There are 2 protein chains.
Amino acid sequence: MSEADALVVFTPSGKRGRFARGTPLLQAARTLGVDVDSVCGGRAICGRCQVLVMEGDFAKHGVTSTAAHLSPVSEAEQAYAKRRRLNPGHRLSCSSQIQGDLVVDVPSSSQVHRQVVRKALDARPITLDPVTRLHYVEVREPDMHDPSGDLQRLAKALEAEWQLRELTCDLAVLQSLQPVLRKGEWKVTVAVRDARQIIAIWPGFHESIYGLAVDVGSTTIAGHLCDLESGEAVASSGLMNPQIRFGEDLMSRVSYSMMNPGGAAQMTEAVRTALNHLAKDVARQAKVPVTDILEVTLVGNPIMHHLLLGIDPVELGGAPFALATDEAMTIRATEMGLELNPGARVYTLPCIAGHVGADAAGVILSERPDKSAALTLIVDVGTNAEIVLGNEQRLLACSSPTGPAFEGAQISCGQRAAPGAIERVRIDPATLAARFKIIGSELWSDEPGFAESAQRTGVTGICGSGIIEVIAEMYLAGIISRDGVVDGELASRSPRIVPAGRTFSYVLYENPGGTPLQITQNDVRAIQLAKAALYAGVKLLMEHLQAPAVDRIRLAGAFGSHIDVKYAMILGMIPDCDLAQVASAGNAAGSGARIALLDNSSRRTIEGLVRRVEKIETAIEPRFQEHFVGAMGIPNTNDAFPHLEKVVKLPQGKAAAPRAGSRGRRPRG
Amino acid sequence: MSEADALVVFTPSGKRGRFARGTPLLQAARTLGVDVDSVCGGRAICGRCQVLVMEGDFAKHGVTSTAAHLSPVSEAEQAYAKRRRLNPGHRLSCSSQIQGDLVVDVPSSSQVHRQVVRKALDARPITLDPVTRLHYVEVREPDMHDPSGDLQRLAKALEAEWQLRELTCDLAVLQSLQPVLRKGEWKVTVAVRDARQIIAIWPGFHESIYGLAVDVGSTTIAGHLCDLESGEAVASSGLMNPQIRFGEDLMSRVSYSMMNPGGAAQMTEAVRTALNHLAKDVARQAKVPVTDILEVTLVGNPIMHHLLLGIDPVELGGAPFALATDEAMTIRATEMGLELNPGARVYTLPCIAGHVGADAAGVILSERPDKSAALTLIVDVGTNAEIVLGNEQRLLACSSPTGPAFEGAQISCGQRAAPGAIERVRIDPATLAARFKIIGSELWSDEPGFAESAQRTGVTGICGSGIIEVIAEMYLAGIISRDGVVDGELASRSPRIVPAGRTFSYVLYENPGGTPLQITQNDVRAIQLAKAALYAGVKLLMEHLQAPAVDRIRLAGAFGSHIDVKYAMILGMIPDCDLAQVASAGNAAGSGARIALLDNSSRRTIEGLVRRVEKIETAIEPRFQEHFVGAMGIPNTNDAFPHLEKVVKLPQGKAAAPRAGSRGRRPRG
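Not measured: the values here are computed from a predicted model.

Rules used throughout
Residues numbered from 1 in each chain as written. Chains lettered and ligands numbered in written order. Predicted model: local features only at pLDDT ≥ 70, side-chain atom pairs only at ≥ 80, totals over all residues. Heavy atoms only, no water. Helix = DSSP H or I, 4+ residues; strand = E, 2+ residues; numbered from the N terminus. Pairing = 2+ DSSP bridges. Axes fitted to C-alpha atoms, helices over the stretch in contact; angles between N-to-C directions. Parallel < 35°, antiparallel > 145°, perpendicular 65-115°, else oblique. Left-handed = near helix turned anticlockwise from the far one by under 90°. Contact = heavy atoms within 4.5 Å. Nonpolar A, V, L, I, M, F, W, Y, C, P; charged D, E, K, R; others polar. Expected span 1.5 Å × (residues − 1). Domains from an automatic or database assignment. Buried area = accessible area lost by both parts, 1.4 Å probe. Salt bridge = Lys/Arg side-chain N within 4 Å of Asp/Glu carboxyl O. Buried < 20%, exposed > 50% of the residue type's maximum accessible area, 1.4 Å probe, protein only. Core = buried A, V, L, I, M, F, W, Y, C linked by side-chain atoms within 4.5 Å.

A. Just unusual backbone geometry, in detail. Cis geometry is adopted by the peptide bond preceding A:P635, which originates at A:I634 and carries an omega value of -15°. Counting through the fold element by element, A:P635 comes out in the loop between α17 (622-630) and α18 (642-647). Note that the residue after B:T11, namely B:P12, is joined by a cis bond; omega there is 5°. Residue position: B:P12 is located in the loop between β1 (6-11) and β2 (16-19). In this model, A:W186 sits at a positive phi of 70°, which is unusual for a non-glycine residue.

B. The arrangement of the sheet that holds strand β5 (residues 102-105) of chain B in detail. All names here are of chain B. The strand order across the open sheet built from five strands is β2-β1-β5-β3-β4, with neighbouring strands paired in mixed fashion. Each end of this open sheet is capped by a strand with a single partner; those strands are β2 and β4 (90-92). Strand-to-strand twist across the sheet, computed as the mean angle between neighbouring axes with direction ignored, equals 35°. As paired elements, strand β3 (residues 50-53) and β5 share two bridges and run antiparallel to each other. In the sheet register, L52 faces β5, and the bridge partner there is D105.

C. Focus on the packing of helix α9 (residues 358-367) of chain B against helix α16 (residues 600-612) of chain B. Residue and element names in this part refer to chain B. For the pair α9 and α16, interaxial distance at closest approach is 10 Å and the crossing angle is 115°. The orientation of α9 relative to α16 falls into the category roughly perpendicular. Note that α9 runs across α16; the crossing there is right-handed. Where α9 approaches α16, its residues A361, I364 and L365 are matched on the opposing element by S602, I606, L609 and V610. Considering only residue class, the contact of α9 with α16 consists of six nonpolar, one polar and no charged.

D. Seen up close, the sheet that holds strand β27 (residues 552-556) of chain B. All names here are of chain B. Read across the sheet, six strands follow the order β28-β27-β18-β19-β20-β29 without closing on themselves; strand pairing throughout is mixed. At either end of the open sheet lies a strand with only one pairing partner, and these are β28 (582-586) and β29 (614-615). Relative to strand β19 (residues 385-390), strand β18 (residues 376-380) runs antiparallel, the two sharing five bridges. Along β19, the bridge assignment pairs V379 with I387.

E. Focus on helix α7 (residues 263-286) of chain B. The end-to-end C-alpha distance of α7(B) is 35 Å, a good match for the 34 Å that 24 residues give at a rise of 1.5 Å each. Count one or two residues on from α7(B) and you reach B:K287, which has phi positive near 55°.

F. Inspection of the domain arrangement of chain A at higher detail. All names here are of chain A. Under the domain assignment used here, chain A contains domain 1 (6-110), domain 2 (132-203), domain 3 (210-348), domain 4 (361-404 + 526-664) and domain 5 (413-519). When each unit is reduced to the centre of its C-alpha atoms, the spacing between domain 2 and domain 3 is 31 Å. Each partner contributes to the roughly 870 Å² buried at the junction of domain 2 and domain 3, and carbon and sulfur atoms together form 46% of this total. Three residues, T132, R193 and I199, lead the burial of domain 2 against domain 3; their summed loss comes to 47% of the area buried on that side. Counting across the domain 2 and domain 3 interface gives three salt bridges. Residue assignment for the side of domain 2 that touches domain 3 shows that the elements contributing at least two residues are β8 (132-138), β10 (187-193) and β11 (197-203). With four residues, the single largest contributor to the side of domain 2 that touches domain 3 is β11. A breakdown of the residues in the side of domain 2 that touches domain 3 according to their chemical character gives six nonpolar, two polar and three charged.

G. Structural view of the interface of chain B and chain A. Listed per partner, the contact involves 41 residues of chain B and 41 residues of chain A. Counting the surface lost from both chain B and chain A, the interface buries some 3,500 Å², and carbon and sulfur atoms represent 61% of this. Ranking the residues of chain B by area buried against chain A places B:M144, B:L171 and B:Q178 at the top, with a combined share of 20%. Taken together, the connections running from chain B to chain A amount to four salt bridges.

H. Structural context of the pairing of strand β21 (residues 421-427) of chain B. All names here are of chain B. For β21, the buried fraction is high: six of the seven residues fall into the buried class. Of the pairings in the sheet, the one linking β21 to strand β23 (residues 461-462) comprises two bridges and is parallel in character. Of the residues in β23, the one forming a bridge with A421 is G461. Pairing of β21 with strand β22 (residues 434-438), which is carried by five bridges, proceeds in the antiparallel orientation. Residue V425 lies in a different strand from β22, and its bridge partner there is F436. In sequence, β21 turns back onto β22 through a hairpin of six residues, with L432 there showing a positive phi of about 65°.

I. Structural detail: the nonpolar core. Within the largest apolar cluster, 112 residues are counted, with the highest numbers of intra-cluster contacts made by A:L275, B:L154 and B:L174. Per-element tally for this core: the top contributor is helix α7 (residues 263-286) of chain A, with 10 residues. What B:L154 contacts, discounting residues up to four positions off in sequence, is B:V137, B:V139, B:L177, B:V188, B:V190, B:I198 and B:I201. Ranked by size, the runner-up nonpolar core spans 111 residues in total, among them A:L177, B:L134, B:A270 and B:A283.

Written out as structure tokens, the structure is:
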């Protein structure tokens, strides 16, 4: 380099250097370590290396410019622009030579490690760094004077052009290598995983490969198909977990496995078949062949995780709840019977403990509580609640056996979230009459037009978020006491309170021409048990950290997305906290799967974080029972809710100790 | 250590050190780096650590000895001796404590890297260093107070007891891990491959694992089952390559693949099925379950190699004869449809070039011409002859298209080596009468009792070694000239010479009551072409090395085992050499597979050697034709055979130039 060389400055990196005139821009960028993408290796085929030249007037004048600091638009660029999209004013950096001083902007879309925006508002962007990348190469033809294997010449090309060394090659690729090389006339695109393994090959230039991030829940399976080159989510799909036919909840599935020889294998087969359907569905939506899917990431609770891997979950059905493995696994998709690209790999996020699964790991990866000084509580409510508490110093996790009450099971008029289900409730403290909203209608039940709007679905029951609200509102309206007893004396002043045996029920909806929707004393008890279990788990972790309060709360999962956090706090599901710091985290487990899919380095991150997590087993913590008993009261018998009381006027009055019968009823599964 | 400590000397290593009284012998051995085997980790279960204590009189007196320099025979040793074989006078070094000065002999059977004796007389012993080893461990039980995966606790035990770190685990092992740990009551034996991968697991102590070394020839498949712990070959088996139904020779199989869509897959399926039969057969012979086979090594020519791996060999059917890969491969046995242990791996030796396969690599590994200053020529005669020439400085290889004449094909009365086939021939120069031996009889045809002895089989034809001898003897007796023409003038003096059209034939056997066995002019020509091709290949390599002569010759393969090297030289198949330095190498390719099976480090050796081999492609070497033409004469038109002439009186006379019709007829396949 000399002063006679041209000065080139790349933005946004600010990297700069002097280069001999005639140097291709891409080469200059690489010399300086500027992040510019390229799949085709500078052959003006892929168009990934587009840059915007900010100085000099050549961009405007194109080939006719005389004062150009950059070479005129080349034939290769013109040919590319005819075939594919060359952004206005952009140049292919591989095909443009430096002729004078330049400022060159590398747009985000031309960076290898670009940032992918996540939908959730407060979520950090994902750094795109996929484990598998495409590389286009031209391979030397075989020569009898210097015999060598086709694979070895391919490897030489990958080393010369992409600095990829000591690659292994899948047998399936080797089996198709010779015809593919010849069909592509010695030009091929290969997918290299982790800079170590050749896992797929296509003749000629192959544009895109895809990855599938899947959250395997016990009820639903949700997947997102992402373009591994752009990071973009191109299709999403969800379906019921077909294992439901073997048992509604997790424990009944474990029981099925215990009772039926081959039962675990049946459930493994069912969920893998569902994954194949899911993959076909998203591929069809995105109009790509399913064989372009090269990577899958999976999250799920420990039982789903084990069944997916073909491991009988029987050990997870009883103490000491031993996982077969708590580490992340990378296996071939074919080993799981997945019909994707034959070279596709599956990465399962690590499990944390017997009841805290890869889904919780996904939540941690998505929320990254370890990155903040603020003490963050994350709860993912399902049949088991998975609870993570921590900050940049420590991370704790446990699971708590909430049972299925929050999902509408064990509730007399409960149902899954579906059109017709009550999801919002307000009770007038004077009349004790309720108004509500159902899924499928935008109107409250006391607004004009509700009856018509609800006609299609009817009012069919109450879903999880509705149950939270109705019981919290019953408490605010004085219908139930702090200890959850329905006040029978109110029956004299409101027809809404009706006797039911030795207890009383609250009539939520009269339901003209049908059975009234009532909240029974048992329903209240079921919710009290569930929320007490959740709260006790949280309290246990807080106690381990000696934290009197938490700074932030995130509610993960579908349930967390739908409940009104204020009511969750009034009911005492979660501890007191500034309500502005309480929010839904959406499907954080699924987001974690997507991060692991798009950002290879995040896998090492979550594997490291999971090793750091202090695992608390609620079943053997003597204090759990104490917290559980205290948490039976609404919001809580022992704890104050100062932040909440600034916003909501809570009824006064002490809760009685819960009755013996409630104590220790701890559903598992 | 102090002078008060006891001095312990281990033989044969001579390693010595002082140890505190009470130190177990095994621990002392390990401290000194003495090679003592142990699978059970010092628990007196495996019996691998047996030693003979040479000094002190305790061994004779056992527990009653008072002057013992070694602790008395322990209960553990007594229990072991009841269950299994404790060699007379031997002790378990894990259970014997040092009490005074000792000389301890570690017998070869107790060494990890023991030497395995090979059958061939001049062959080096194999160093036992199998890629997969058994390790017995006790695993900590799961503990809810400190949750961890079963796999992680197994890994910890393997690290603590065997210093094995960062192991991966096959999915199949993970799937069976939990029941196996519990069945073994937390004591298990695991097979760890290459100190990196857990590939199999058994409850409790598992005694032995096996490996299978297979030479896949185009005609026969031969396999040896070896105990990977002792190195011992425990069973052998051979079967016909079922691909023969798709084509007798290699080229017809490649043609089958070209002509029939799916033809390659059919042949792959056939050979893999045969491997499964072979594995079952040797396992049955050795009375071990086929699931105890954990490692397979394969050698074969390039077409067999490709078909085994499921690669269509079509590219090997024509120039430039490109291999899909010329490197060694390690793949899972399940990927090849082999029904062994689910964790079994297959190692294929590297191919050298399009016509020089993994079988040639096996030959090199078995013969190690690179270890000697003497220039060694190795020829493996099949349909293609594979030729290796070299010494510690250089290694060259080529293949030469001999065609199937040496195997009895293209010979009018030729047949495969089978009972009834003529394998030895002597011709009386005076009478021109032949005497011969057939396979299945120890008698020469002119010895009393031959007729009876031959009655069972009859005299059915002539096999490869017989053809070599009869033509060489015809030359020595003057029946054919140096240029291979049957001398019709002899018909007047012997009824053995009969006219056949415009040429003459030699009646080898009158065959009372059947067709006479004759050697026709065409038969002589076919052998001349075949031997000329072989010799020309050899000559080409010698020329590349500028070597006027070779120091040693090894004839590999079944053919090489049966021919009389003197006749091979008289015929001019091989160049002149001291006959004492010419020998059969037996099934050297198969030996190479066995070495690669038992000695992991030999794999790196052969991979490195193959990279060093200079590959000569006879098809594009202009000098090949010249050498070929010169080699048509018997022994050779251009070259002298001074060593041979010291032993055999060769007829005098110049050979005419071969006729144009013979020139360039070069069978391939």
